[in-house]
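Survey of secondary and tertiary structure
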Amino acid sequence: EVQLMESGGGLVVPGGSLGLSCTASGFNFRNYAMAWVRQAPGKGLEWVAAMMGVGDDIEYADSVRGRFTISRDNSRNTVSLQMNSLKSEDTAFYYCAKLPLVTLARGYFESWGQGTRVTVSP
Amino acid sequence: EIVLTQSPDTLSLSPGDTATLSCRASQNVDRGYLAWYHHRPGQPPRLLISSVSRRASGIPDRVIGSGSGTHFTLTITRLEPEDFGTYYCQQYGPSPWTFGPGTKVEVK
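Throughout what follows, the structure given in this document is the object of discussion.

Definitions and cut-offs
For every chain, the first residue of the written sequence is number 1, and numbering continues from 1 onward in sequence order. Here every chain gets a letter starting at A, and every ligand a number starting at 1, in the order they are written. Reporting of local features is limited, given that this is a predicted model, to residues whose pLDDT is at least 70; pairs of side-chain atoms are given and counted only at 80 or more, and all residues count toward the totals for whole chains, interfaces and linings. To get the side-chain values, all heavy atoms of the structure are used, and hydrogens and water are removed first. Accessible area is worked out with a 1.4 Å probe on protein chains only. A residue is then buried under 20% of its type maximum, exposed over 50%, and partly exposed in between. The helix and strand labels rest on DSSP assignments: H or I over at least four residues marks a helix, E over at least two residues marks a strand, and numbering proceeds from the N terminus. Here a strand pair is declared whenever DSSP counts at least two bridges between the two strands. Put plainly, a pocket is an open set of points on a 1 Å grid over the protein atoms alone with protein on both sides within 12 Å along at least five of seven lines, a cavity is a set where a 1.4 Å probe fits but cannot get out, and a lining residue has an atom within 4 Å of a point. Grid points are joined across faces, edges and corners, and a volume is the space filled by probe spheres set on the points. Gly is placed with the polar residues, together with every amino acid not listed as nonpolar (Ala, Val, Leu, Ile, Met, Phe, Trp, Tyr, Cys and Pro) or charged (Asp, Glu, Lys and Arg).

All names here are of chain B. Most of strand β9 (residues 85–91) sits out of view: 7 of its 7 residues are buried. Bridge count between strand β4 (residues 34–39) and β9: 6 bridges; the pairing is antiparallel. Counted as the bridge partner of W36 is C89 from β9. As defined by bridge partners, β9 adjoins strand β11 (residues 103–107) across 3 bridges and the pair is classed as antiparallel. Following the sheet pairing, G85 is matched in β11 by V105. Pairing of β9 with strand β10 (residues 98–99) involves 2 bridges; the strand directions are antiparallel. When the sheet's bridge partners are listed, Q90 is paired in β10 with F99.

For the rest of this paragraph, the subject is the layout of surface pockets. Approximately 520 Å³ is the volume attributed to the largest pocket. Along its surface, the largest pocket is lined by 18 residues, and A:V2, A:E110, A:S111, A:W112 and B:P45 are the ones closest to its centre. At the level of secondary structure, the elements contributing two or more residues to the lining of the largest pocket comprise β1 (3–7), β3 (18–25) and β10 (111–112) of chain A together with β5 (46–50) of chain B. Of the residues that constitute the lining of the largest pocket, the class distribution is 8 nonpolar, 7 polar and 3 charged. Considering only enclosed or pocket space, the second largest pocket measures out at about 370 Å³ in volume. Forming the walls of the second largest pocket are 21 residues, and the residues nearest its centre are A:Q39, A:A40, A:G42, A:K43 and B:H39. Of all the secondary structure elements, the ones that give two or more residues to the lining of the second largest pocket are β9 (92–98) and β11 (116–120) of chain A together with β9 of chain B. In terms of residue count, the dominant contributor to the lining of the second largest pocket is β9(A) (3 residues). The residue makeup of the lining of the second largest pocket, split by class, is 9 nonpolar, 9 polar and 3 charged.

Laid out in structure tokens, this is it:
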């Protein structure tokens, strides 16, 4: 059974930084691309970033490019999201998600973690 | 960027009814790269459909995706209590991958 467990959420001041982590189990982690998707309070879903299973192919949403960095450690089955220069509009529930292929050729999300809350506030 | 719009915003239905949800794209969704998700409060979203009409593992055949080009439809027959919640369409053609704003299916 695929399991994804996020951690690292919390309260941070505007302009601050926060790192999220997602630990995966139940599948061959390196064989799948991974992504982060968020949901701001009262809003819909927004894709944030994605990274292929092996290699350097990475994509970011315009809203986070240059501020957020996605990375992964295939030896530890983890994918991370380093968030810098945080803004109030980054306040959201952040989900880790598994894509169906090792590449970013099919950018839909077939499994999701439970999510972690990030609040950006003074 | 492909913008997705969904209608209606809210559907008020009873168990046993049929839900018909619409998703329209601002431009052609190449190769049918269109997915649908179901999201209930307190739970993560769940993939229902990919490639317009391919049901994900464990999704019953009363959940039907259809459409092409810029207009897509999700039909759910014989609504069950666990079907209520918000449904999102998502295109995964060119980046950025985008979601529609959602349709909430609520109990009438």
